[in-house]
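Summary of the model geometry
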Amino acid sequence: MALLEARGLSVSYGGLYANDDIDLDCEAGQLVGLIGPNGAGKTTFIDAITGFTSITEGYVTFDGEDLAGKRPDARSQMGLVRTFQSLELFEDLTVRDNLLVAAERPRWYSFLADVFWPGRGKQAALDQVEVALEALQLTDLADKHPSDLSHGQRKLIGVARALAAKPKLLLLDEPAAGLDTKESQLLGDHLRSFLDLGVSLFLIDHDMGLVLNVCDYIYVLDFGKVIAHGPPAQVRADPAVIAAYLGESAGEAQAEAGASASRRAGVATPATEVGDE
Ligand SMILES: Nc1ncnc2c1ncn2[C@@H]1O[C@H](COP(=O)(O)OP(=O)(O)OP(=O)(O)O)[C@@H](O)[C@H]1O
Ligand SMILES: [Mg+2]
């Protein structure tokens, strides 16, 4: 059984099916990508599995448990942690404290742990913050405030904050938006390193270079439906995928389709924007 399984998942907004009968698996230990044109329903899918929007039909299991009826905070406690497309950082807190807020997730039994082992929960959260800072090479910026940092650094802090919550599956909604090619490639390298920390990943991004290079498996959405899925090499050569991007950036999609090597194989391919950020 996959870590996350969506079956027949549909989300209707007043009759418009933003997600339409989606079957999707995220295997533990993998980085799974979701791509598709603007308005295809990518964010809706993350909203649906994290409990931020209601599922009209179908179901989702996480770690073997049906998520029906579970609130977003309960899903996050289970290890299903998301980022948002629009990044909100706490501007008055340092980078480290921005992460600490996410790392300290008190559970109902925390007060017992505090009685018998004072400070243990806090120390675990502090340790997790340092792991997250290190994973994104942000340790040197830990005492700065977000307003002192570049857009690229702020995006990385958003990812680090979600990592500090110690997810089993981390769902990232366009973490590379607004990053330049070099920053995006660096982010890709960081994301692969999360797998070594035991964190599985689900990545939405319009940067085709990033998604094709770092993902183990990719799903493609168009008008709410999965139109293709498979390993990157298969997806980038799929005529339905190239057609879905016609009118947007067919040239880039076809250039990617012709790319024969991936960065993981040790050869650089240029990151390409598909979409209209
Ligand atoms: N809360 C909502 N109420 C009504 N319609 C919505 C809502 N959220 C999304 N939609 C609609 O559902 C469709 C899918 O939107 P969604 O944001 O999931 O797309 P997306 O693939 O994430 O797009 P983008 O690449 O631009 O972020 C769009 O037609 C959108 O207008
Ligand atoms: Mg979106």
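Preceding this paragraph is the structure being described.
In this report, we go over the structure that sits alongside the text. Small disclaimer: the values here were computed from a predicted structure and weren't measured.

The rules behind each value
- Residues numbered from 1 in each chain as written.
- Chains lettered and ligands numbered in written order.
- Predicted model: local features only at pLDDT ≥ 70, side-chain atom pairs only at ≥ 80, totals over all residues.
- Heavy atoms only, no water.
- Pairing = 2+ DSSP bridges.
- Helix = DSSP H or I, 4+ residues; strand = E, 2+ residues; numbered from the N terminus.
- Axes fitted to C-alpha atoms, helices over the stretch in contact; angles between N-to-C directions.
- Contact = heavy atoms within 4.5 Å.
- Near = heavy atom within 4 Å.
- Polar contact = N/O pair within 3.5 Å; in protein donor to acceptor, adjacent residues only side chain to side chain.
- Areas by Shrake-Rupley, 256 points an atom, 1.4 Å probe, with all protein chains shown as cover.
- Donors = N, O, S within 2.8 Å, 3.2 Å for Na, K, Ca; no water.
- Buried < 20%, exposed > 50% of the residue type's maximum accessible area, 1.4 Å probe, protein only.
- Phe/Tyr/Trp six-rings, centres within 6.5 Å; stacked < 30°, edge-to-face > 60°.
- Lys NZ or Arg CZ within 6 Å of the ring centre and 35° of its normal.

**Let's talk about the sheet that holds strand E10 (residues 225-230)**
Strand order in the open sheet made by the six strands is E6-E7-E8-E3-E9-E10, with mixed pairing throughout. Each having just a single partner strand, strand E6 (80-82) and E10 make up the two edges of the open sheet. Within this sheet the neighbouring strands show an average axis-to-axis angle of 20°, counted without direction. Pairing between strand E3 (residues 31-35) and strand E9 (residues 217-222): four bridges, direction parallel. The residue of E9 that forms the bridge with Gly33 is Ile218. Along the sheet, helix H7 (residues 181-196) makes contact with E3, strand E7 (169-173) and strand E8 (200-204), crossing E8 at roughly 155°.

**Digging into the site of ligand 1**
The immediate surroundings of ligand 1 are formed by 14 residues, with Gly39, Lys42, Thr43, Thr44 and Gln85 found nearest. Within the side chain of Lys42, an N or O atom sits 2.7 Å from an oxygen atom of ligand 1. Taking Thr44, its side chain carries an N or O atom lying 2.5 Å from an oxygen atom of ligand 1. Calculation on ligand 1 without its partners gives an accessible area of 640 Å², and the protein chains cover 61% of this total. Residue assignment for the shell around ligand 1 shows that the elements contributing at least two residues are strand E2 (16-26) and helix H1 (42-50). Sort the elements by how many residues they give to the shell around ligand 1 and H1 lands first, with three residues.

**Re the coordination of the magnesium ion (ligand 2)**
Only Thr43 (OG1) and Gln85 (OE1) from the protein reach the magnesium ion (ligand 2) as donors, at distances of 2.0 to 2.4 Å. A residue pair is termed long-range when its members are at least 10 positions apart, and Thr43 in helix H1 and Gln85 in the loop between E6 and helix H3 (95-103) qualify at 42 residues.

**Focus on H1**
Extensive coverage of H1 is indicated by the burial of eight of its nine residues. If you check which residues of H1 are buried, you get Lys42, Thr44, Phe45, Ile46, Asp47, Ala48, Ile49 and Thr50. Looking at the residues trailing H1, positive phi occurs at Gly51, about 90°.

**Topic: the packing of aromatic side chains**
The full count for this structure, using the stated rule, is three aromatic pairs. Between Phe45 and Phe202, the ring centres sit 5.7 Å apart and the planes meet at 50°, which makes this aromatic pair tilted. Here Phe45 is found in helix H1, whereas its partner Phe202 is found in strand E8, with 157 residues between them in sequence. Overall, the relative accessible area of 1% leaves Phe45 in the buried class. Taking 5.4 Å as the distance between ring centres and 85° as the angle between the ring planes, the aromatic pair formed by Phe52 and Phe84 counts as edge-to-face. With Phe52 in the loop between H1 and strand E4 (57-62) and Phe84 in the loop between E6 and H3, the pair connects residues that are 32 residues apart, well separated along the chain. Overall, the relative accessible area of 44% leaves Phe52 in the partly exposed class. Taking relative accessible area as the criterion, Phe84 reaches 43% and is therefore assigned partly exposed. Against the face of Phe52 rests Arg82, its NZ or CZ located 4.8 Å from the ring centre.

The analysis is restricted to geometry; functional conclusions fall outside its scope.
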